[in-house]
Amino acid sequence: MDVTRRKFLQLSGTVAAGVTVGGRKALGLQPPESGPSAWPDRTGGTVPTRSICPFCAVGCGVICHTDPQTGRVVYTEGDPEHPINAGALCAKGAALDQLAANERRLTRVLYRAPCSDHWEIKDWDWALSTIARRIKKTRDDGFESVDPDGWTVNRCATIASVGSAALDNEECWIYQAMLRALGLVYIEHQARI
Amino acid sequence: MTNHWIDIRNSDCILIMGSNPAENHPVAFKWVEAARERGATVIHVDPRFTRTSSKADIYAPLRPGTDIAFLGGMIRFILSENRCFRDYVAHYTNAACLVSEKFAFHDGLFSGFDPRARAYDRSFWAYETDAGGAVRKDPSLSHPRTVFQLLKTHFARYTPEKVSAVTGTPREDLLRVYECVSATGRPDRAGTILYAMGWTQHTVGVQNIRAMSIIQLLLGNMGMAGGGVNALRGESNVQGSTDHGLLYGDWPGYLPVPRATMATLSDYLKENTPSSSDPLSANWWQNRPKYVVSFLKALFGEAAIPENGFCYAWLPKLADHRTYTWLDLFDAMDRGELRGFFAWGQNPACSGADAGRTRAAMAKLDWMVSANLFETETAAFWKGPGMDPRTIRTEVFLLPCAASMEKEGSITNSGRWAQWRWKAQEPPGEARSDGDILTELFASVRALYKSEGGAFPEPITHLAWDYRTEGRFDAHKAARGINGRFTRDATIQGKAFQKGDPVPSFALLQEDGSTASGNWLYCQSYNADGNQMARRGREDPTGIGLYPQWAWSWPMNRRILYNRAAVDLQGRPWDPQRPVIRFAGASEGGRYVANQWEGDVPDGGWFPMQNPDGSARPDSRYPFIMRADGLGGVFGPGLLDGPFPEHYEPVEGPASANLMNAQQVNPLLRAYDFGGLRRPAADPRFPIVATTCRVAEHWQSGAMSRSMPWLLEAEPQMFVEMSRELARQKGIRNGDRVVVASARGSLEAVAMVTSRLRPFKVNGAEVHVVGLPWHYGWLWPHAGGDSANLLTPSAGDPNTRIPETKAFMVSLQRKDG
């Protein structure tokens, strides 16, 4: 079962009270008199995983707390051991659990056919094999082995790529390897804009 | 960043210009505050009074697009008031070099200008050499053709009065800022600069940063703790993705992508390997052939052999004399030249300049693959405002991706720290990690080429693609490949290695094919000692916050770049209170006899330039090792638009004339046809200067943050910030709905009327400025407003082609008003 933050908070009390507990805890204050029995510690029994914030490039440390029963992240907080942020997070970093549990996340492959006005749900096998077909056809049709001056260029200037600054380094490296093996020259990303 | 986030704490003077870190890098701002608590002065120079300004000791307003005038005045001040760090400048920079008599500057143009090509012949800016080819120098800096004297002459025009007339900054504010920054031109003082897109997104973007680099060299702030030139990067891994070659002009590790006329590997290496006749220059890029061959081996494995140039010919070549930047790309798309398009974790429909035209261009594609966590305005462009889906043939594949905590791997922060992160949950539903998608997609393409053949299949069928374990992408495998390994048994520098061993560091990479390394800069990140990026050691042995055992920093775990400029000629720290490194080798009879450095990893571990007795050491090297001459570049003849910065007006500006010279705009700027670009004269329909900006609660185009309930609640809709004076003039009240329009498009926004913006006095005339966040898009939330980039122009800096989205012209009126 996916537990969204809102649902989780509803399960553990009212939204307002849940935030109060978190805020008081963050400030090092005692929980309200009604105590942990009414609002259980969100990280009790969870499994912590070290992560780095995905937003700006400060590189703040984050701890993700996973519920071992559901396997879902139920709480995120700043990593107090991290030398840069020492446990602090900004508004975006503090809301990170809303990325881990979010009803608007894409969960299926979507496809929009030519001239269609809607998305269709597709499976991965169809999507990746169809994309591979499109790549091959476009590349084969437009591949430029030799330029007009006779220089060997081996390029595919009819396909372009943008993006990747949100990918991990290891993914970035294999992405550029794939694009260059295909012959792409239009390879750009966030740093240019 | 040449330095890193925690190092800001060590600064005595923090100039924040072209950025708003209190808003956009909020947690890092605590290091600014820590410096201030130590007694540092914090200065914010910006068109808008922001959260950063509210925490600064000095706030100086500046009209958008006039940074070079402001900084040019600072250079003049430093030189005329003798504030520069003379020993540093004379020994570690090119200020003492003599420039050819052909160099000149008249009417806003440097010598060598070809008006038809709108390009410079840069041979006019060459150094003067002696008969042996060595650059002539005058260490006294007094020869009229030394870089130092030419700099003085060039910026003599930038008087406080003139600068104030251009920038709109009050004269007394200018002088206060100049006084504080230039006070760091002493050995025991360090000043830093924190900049971001407020400097880069201009048609003079590179020269903005050049101007500040000159200042940091004149003041001796490069290499120092609390110094440096620090770009505050905005995406969690924009540094790493740049390092790994996801820009058209660079292979991983900043190896230039070859051009068509570099037909063979040896042609390419000859063209791209600098040489130096100065024995004191390390000229580190002379090692480039090792990094190139190791990269080719990482791509093509055993197929890459010396006999076939390590498969160099298999890789695509760029046409000579043209670029393939963002603006070129969307220009080509708009002209129908592109058929397929990947938007991998990016939302150009909102983030690209002239977004309306960018969206329209997408309708000319055959197919698009969009990989993202959420549906974006890019993936959904066909159902956006003004689009008729029935007429748009573009197929769109929208692939659901894993978020950061749903996979394992490393990202590199702005301070060059590569930090590992671990997986905390599975992606939701059928979402997959980018690594899983990419490895399977390429395997599918390869299978087609293997079974059916096709155009030039060799690079596809031979690309090394062993990045999976048990059917899933394995980040450790990729990270080891990036680090590199020996491809055969080898003995290097007396050490024996076996085939498959990780390469310990890039100093051991080879040109003969015996090593493979995906990115030489990251060689050491995952070696025989394990995954260095996953380290969590919290020791700070130097006390200046280097944390050398925390994660791993490129290159070589060096935390402050060019740190050998932080010591004097004998290896003693300029600033003994905050030493970055210190030479600790023994000496005998006035000469060093053992080589040992303490502190940060030194930028090359050679002996100091001099012995304790003052005698020169021929086995030493200058500190700026990545430059062919080893010297910090006060003079920059490598740039396309001039060896010194010069003020030009933005492509769209309010000033009818450039007060500094006879050119209105950068003569080399590149304007792209798409969009209604108004230039160069002021267009009376659009009299208000606009600049784009951000808020703490949203991120980039908002593709992620607009779907996060707390963040959306905090900043729910598009707004335009304006002064009370402008609002009064336009009959607009706080909270009114207004229409903002440019020559390219228009959008609706909520008026935010504040005293944080004030009209500027520019050359005696009143000029209004408005600020527009660019986090919004039509798709979500409903009625939340659209992207500020509908308004921004498609003109770019000549060196980088980054669009000028920080200074452009708009009109403003109340809706229904």
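Residues numbered from 1 in each chain as written. Chains lettered and ligands numbered in written order. Predicted model: local features only at pLDDT ≥ 70, side-chain atom pairs only at ≥ 80, totals over all residues. Heavy atoms only, no water.

Colleague: What exactly am I supposed to notice about the overall build of chain A here?
Modeller: Looking only at helices and strands, one finds seven helices and eight strands in chain A. Considering chain A as a whole, with its 193 residues, one finds that 58% of them fall into the buried category. Long-range contacts, defined here as pairs at least 24 residues apart, represent 37% of the contacts in chain A between residues at least 6 apart. Within the structure as shown, chain A displays about 7,500 Å² of accessible surface, and the carbon and sulfur contribution to it stands at 54%. (Helix = DSSP H or I, 4+ residues; strand = E, 2+ residues; numbered from the N terminus. Buried < 20%, exposed > 50% of the residue type's maximum accessible area, 1.4 Å probe, protein only. Contact = heavy atoms within 4.5 Å. Areas by Shrake-Rupley, 256 points an atom, 1.4 Å probe, with all protein chains shown as cover.)

Colleague: How do you make sense of the sheet that holds strand S2 (residues 61-66) of chain A when you look at a structure like this?
Modeller: Strands in a sheet are paired, the pairing made by backbone hydrogen bonds, and the direction either parallel or antiparallel. All names here are of chain A. Strand order in this open sheet of three strands is S1-S2-S3, and the pairing throughout is antiparallel. Unpaired on one side and paired on the other, strand S1 (47-52) and strand S3 (73-78) mark the two borders of the sheet. In this sheet, adjacent strand axes meet at a mean angle of 25° when their direction is disregarded. One ladder, built from five bridges, connects S2 with S3; its direction is antiparallel. Of the residues in S3, the one forming a bridge with Thr66 is Val73. (Pairing = 2+ DSSP bridges. Axes fitted to C-alpha atoms, helices over the stretch in contact; angles between N-to-C directions.)

Colleague: Whenever I open this one, the sheet that holds strand S3 (residues 58-61) of chain B confuses me. Can you help?
Modeller: All names here are of chain B. Taken together, the five strands give an open sheet; going across it, the order is S3-S2-S1-S8-S9, and neighbouring strands pair in parallel fashion. In this open sheet, the two edge strands, each paired with only one partner strand, are S3 and strand S9 (229-231). Within this sheet the neighbouring strands show an average axis-to-axis angle of 20°, counted without direction. Summarising the sheet, strand S2 (residues 41-46) and S3 pair through four bridges and their orientation is parallel. Across the sheet, residue Val45 finds its bridge partner in S3, namely Ala60. On top of the sheet, helix H8 (residues 171-182) reaches strand S1 (13-17), S2 and S3; it is set at about 130° to S3, its chief contact.

Colleague: Looking at this structure, I do not really get the state of the cysteines. What am I missing?
Modeller: Here a disulfide denotes a covalent bond joining the sulfur atom of one cysteine to the sulfur atom of another. Following the criterion strictly, the structure yields zero disulfides over all chains and no others. Cysteine Cys90 of chain A shares no disulfide, and the gap to the nearest cysteine sulfur, in Cys53 of chain A, comes to 6.1 Å. A residue is classified by how much of its surface remains accessible, and Cys90 of chain A, at 15% relative accessible area, is buried. Free cysteine Cys523 of chain B: the closest other cysteine sulfur is in Cys172 of chain A, separated by 19 Å. Under the relative-accessibility criterion, Cys523 of chain B is labelled buried at 0%. (Disulfide = S-S within 2.5 Å.)

Colleague: Explain the packing of helix H7 (residues 169-182) of chain A against helix H13 (residues 288-300) of chain B here, please?
Modeller: Axes are the key here: two packed helices are described by the angle between their axes and the distance separating the axes. The interhelical angle for the contact between H7 of chain A and H13 of chain B, taken along N-to-C directions, is 80°, at an axis separation of 11 Å. When the axes of H7 of chain A and H13 of chain B are compared, the pair comes out roughly perpendicular. Between H7 of chain A and H13 of chain B, the contacting residues are Trp173, Gln176 and Ala177 of chain A on the first element and Phe295, Ala298 and Leu299 of chain B on the second. Here the contact of H7 of chain A with H13 of chain B is composed, by residue class, of five nonpolar, one polar and no charged. (Parallel < 35°, antiparallel > 145°, perpendicular 65-115°, else oblique. Nonpolar A, V, L, I, M, F, W, Y, C, P; charged D, E, K, R; others polar.)

Colleague: Would you explain empty space enclosed by the protein in this entry?
Modeller: Picture a little ball the size of a water molecule; that probe, rolled over the atoms, points out where space is still empty. Residue and element names in this part refer to chain B. Applying the stated rule across the entire model yields 10 cavities of 30 Å³ or more. Reported here for the largest cavity is a volume of approximately 400 Å³. In this structure, the largest cavity is lined by 32 residues; those nearest its centre are Gly18, Ser19, Asn24, Gly198 and Lys806. For the lining of the largest cavity, the leading source of residues is strand S31 (residues 688-693), giving three residues. (1 Å grid on protein atoms, 1.4 Å probe; cavity = no way out; pocket = protein on both sides within 12 Å on 5 of 7 lines; lining within 4 Å. Points joined across faces, edges and corners; volume = space filled by probe spheres on them.)

Colleague: Please clarify how the nonpolar core should be interpreted in this entry.
Modeller: In a soluble, globular protein the nonpolar side chains are often hidden away together inside. Counting 174 residues, the largest nonpolar core has Trp251, Phe341 and Phe342 of chain B as its most contacted members. Sorting elements by how many residues they give to this core places H7 of chain A first, with nine residues. Excluding residues within four positions of it along the chain, Phe341 of chain B makes contact with Ile159, Ala160 and Val162 of chain A together with Leu329, Phe330, Met333, Pro348, Leu365, Trp367, Met368 and Val369 of chain B. With 90 residues, the next largest nonpolar core counts Met17, Phe77, Leu109 and Met224 of chain B among its residues. (Core = buried A, V, L, I, M, F, W, Y, C linked by side-chain atoms within 4.5 Å.)

Colleague: How do you make sense of the packing of helix H6 (residues 124-142) of chain A against helix H17 (residues 434-452) of chain B when you look at a structure like this?
Modeller: It is the contact of H6 of chain A with H17 of chain B, at a shortest axis distance of 9 Å, that shows an interaxial angle of 55°. As the angle between them shows, H6 of chain A and H17 of chain B are arranged oblique. The handedness of the crossing between H6 of chain A and H17 of chain B comes out as right-handed. Within the contact between the two elements, H6 of chain A uses Trp124, Asp125, Leu128, Ile131, Ala132, Arg133, Ile135, Lys136, Arg139 and Asp140 of chain A and H17 of chain B uses Ile437, Glu440, Leu441, Ser444, Val445, Leu448, Tyr449 and Glu452 of chain B. Here the contact of H6 of chain A with H17 of chain B is composed, by residue class, of 10 nonpolar, one polar and seven charged. (Left-handed = near helix turned anticlockwise from the far one by under 90°.)

Colleague: Is there a simple way to explain the confidence of the model for chain A in this structure?
Modeller: Per-residue confidence for chain A gives a mean pLDDT of 86, with 80% of residues at or over 70. Across residues 1-29 of chain A, confidence stays below pLDDT 50; counting only partners more than four residues off in sequence or on other chains, it has 36 contacts. (pLDDT = per-residue confidence, 0-100.)

Colleague: I keep staring at the pattern of salt bridges and nothing clicks. Help me out?
Modeller: Side chains carrying opposite charge are able to pair once their charged atoms draw close together. Across all of its chains, the model carries 60 salt bridges over all chains by this definition. Salt-bridge contacts for Glu406 of chain B lead to Arg105 of chain A; the nearest nitrogen and oxygen are separated by 2.7 Å. Residue Glu406 of chain B is located in the loop between strand S14 (395-400) and strand S15 (409-412), and its partner Arg105 of chain A is located in the loop between helix H5 (97-100) and strand S4 (109-112); the two belong to separate chains. For Glu406 of chain B, a relative accessible area of 2% puts it in the buried group. On the basis of relative accessibility, which here comes to 5%, the residue Arg105 of chain A falls in the buried class. Note that Arg359 of chain B and Asp786 of chain B form a salt bridge whose closest N and O atoms lie 2.8 Å from each other. Pair noted here: Arg359 of chain B is in helix H16 (residues 355-362) and Asp786 of chain B is in the loop between strand S37 (769-773) and strand S38 (795-796), with a separation of 427 residues, a long-range link. Each of Arg50, Asp79 and Glu81 of chain A together with Arg536 of chain B takes part in a single network of salt bridges with overlapping partners. (Salt bridge = Lys/Arg side-chain N within 4 Å of Asp/Glu carboxyl O.)

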